[in-house]
Amino acid sequence: MPATKGLEGVVAATSAISSIVNSVLRYKGYNIDDLANYATFEEVVYLLWNDKLPNKEELAAFKKELASEYAIPNELIEQIKSYPLKNVHPMAILRTAVSALGLFDSEADDMSDEANKRKALRLQAKVPTIVAAFTRLRDGKEVVAPRQDLGVAANFLYMLFDREPNEVEVKAFDKALILHADHEFNASTFTARVAVGTLSDIYSGITAAICALKGPLHGGANERVMKMLSEIGSVDNVEAYINDKLEKKEKIMGFGHRVYKTGDPRAKHLKEMSRQLTQITGEPKWYEMSEKIEELVSSKKGLLPNVDFYSASVYHSLGIPHDIFTPVFAVSRVSGWLAHILEQYSDNRLIRPRAEYVGPEAREYVKLEDRN
Ligand code: ACO
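Predicted model, so just to flag it, every value in this text is computed and none were measured.

The rules behind each value
- Residues numbered from 1 in each chain as written.
- Predicted model: local features only at pLDDT ≥ 70, side-chain atom pairs only at ≥ 80, totals over all residues.
- Heavy atoms only, no water.
- Pairing = 2+ DSSP bridges.
- Helix = DSSP H or I, 4+ residues; strand = E, 2+ residues; numbered from the N terminus.
- Salt bridge = Lys/Arg side-chain N within 4 Å of Asp/Glu carboxyl O.
- Buried < 20%, exposed > 50% of the residue type's maximum accessible area, 1.4 Å probe, protein only.

### Some thoughts on the sheet that holds strand S1 (residues 18-21)
Read across the open sheet, the three strands follow the order S1-S2-S3; overall the sheet is antiparallel. Edge positions in the sheet fall to S1 and strand S3 (30-31), since each of these pairs with one other strand and no more. Pairing analysis gives two bridges linking strand S2 (residues 24-27) to S3, with the strands arranged antiparallel. The residue bridging tyrosine 27 from the neighbouring strand is tyrosine 30, located in S3.

This is the structure:
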């Protein structure tokens, strides 16, 4: 059977978590547009891990449980301090820290459903704390302890900036978290499923997913979008910059998608958030430049922005350091990874495809002493 490069179009398994049909993204049947407009991130996480949206009592209990797990072990904080924080990419720190987190969980290798659900809750609660902690340590600041009275979005911004975020910031960040939460069999999610499909533990699955998210063709694109915007500097420079890139056949980060060919349904929400936030911060140029890039790349290449394009100016407007944009993606996507890991465990079969061999024909072995 001939191979399909990059597994394009291959349906690798069944899943009941998210669907992409005619460029409409749904989590458990709910249109992402409705969730982005009306839900909160915690509601979405509950939905991804259960078959329904929570009622008020269920949501309150879930938020409480999650918040009770925000704190990370002091030993982990001490360990993070020993990493060469200034010389490595934050995604490499996150990869190592999440793997290390598993060392402090006495249930790490307990494969019962109950233990896996408890570990899922811990990972969802602690990944934001890890990201905020290493960012502050890297910047020579003290770690800020989480606040259990705040939701995931507000608490993350609070731990990162050591100040309580305002309502606009929390709402915008919460929406960004909802939009990044899950996306069918994207590269990092599929990686997580392959890892746990061997019946390896949940920490291994999440660590593997972080490894895949790090790459510039996947989650790493959002940081590179901001780098591009910073290099361009002003709307007047956009045309020359983009033409030059296209002439050199270089990729424009934040454009194109393996599945969406008529537009990523998440991008319009992030675009509007970018427009609003850049006005509030008094830096509309980031939105204006992004819009101009969109116009040029779509007219010249027929490529449309993906989730990473406008999320760059959104995160920048929230004051988030550019090099942690991809770890921030993980703060949200860990919810989807965990949903997929639990789904994989619930009906597991080892994921082991075949390769189409294109190497040399069968050859006769020649002993070393007889070889030329
Ligand atoms: N800029 C310029 N040209 C592009 C871009 C881009 N961003 N994306 C695709 N193309 C071109 C390719 O060069 C190729 O052209 P060719 O046929 O003349 O060689 C054609 O469009 C098809 O592109 P592929 O890379 O083969 O498409 P594929 O489905 O393999 O890749 C991907 C999808 C990786 C997202 C690609 O569009 C890309 O590299 N985009 C930039 C990185 C990015 O934004 N990644 C984030 C994706 S969303 C996410 O993971 C969260």
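### Describing the pattern of salt bridges
For the structure shown, the criterion picks out 22 salt bridges. Across the pair arginine 122 and aspartate 105 runs a salt bridge, and its minimum N-O distance is 2.9 Å. Separated by 17 residues along the polypeptide, arginine 122 in helix H6 (residues 113-138) and aspartate 105 in the loop between helix H5 (90-101) and H6 bring together distant segments of the chain. Residues arginine 122 and aspartate 105 agree in their burial class; the two are buried. Measuring nitrogen to oxygen at the nearest pair gives 2.5 Å for the salt bridge that ties aspartate 323 to arginine 138. With a gap of 185 residues between them, aspartate 323 in the loop between helix H15 (307-317) and helix H16 (325-346) and arginine 138 in helix H6 connect regions that are remote in the sequence. On the accessibility criterion, aspartate 323 (23% relative accessible area) is partly exposed. Arginine 138 gets classed as buried once you look at its relative accessible area, which sits at 14%. Each of Glu69, Asp105, Glu107, Arg118, Arg122 and Lys126 takes part in one network of salt bridges that share partners.

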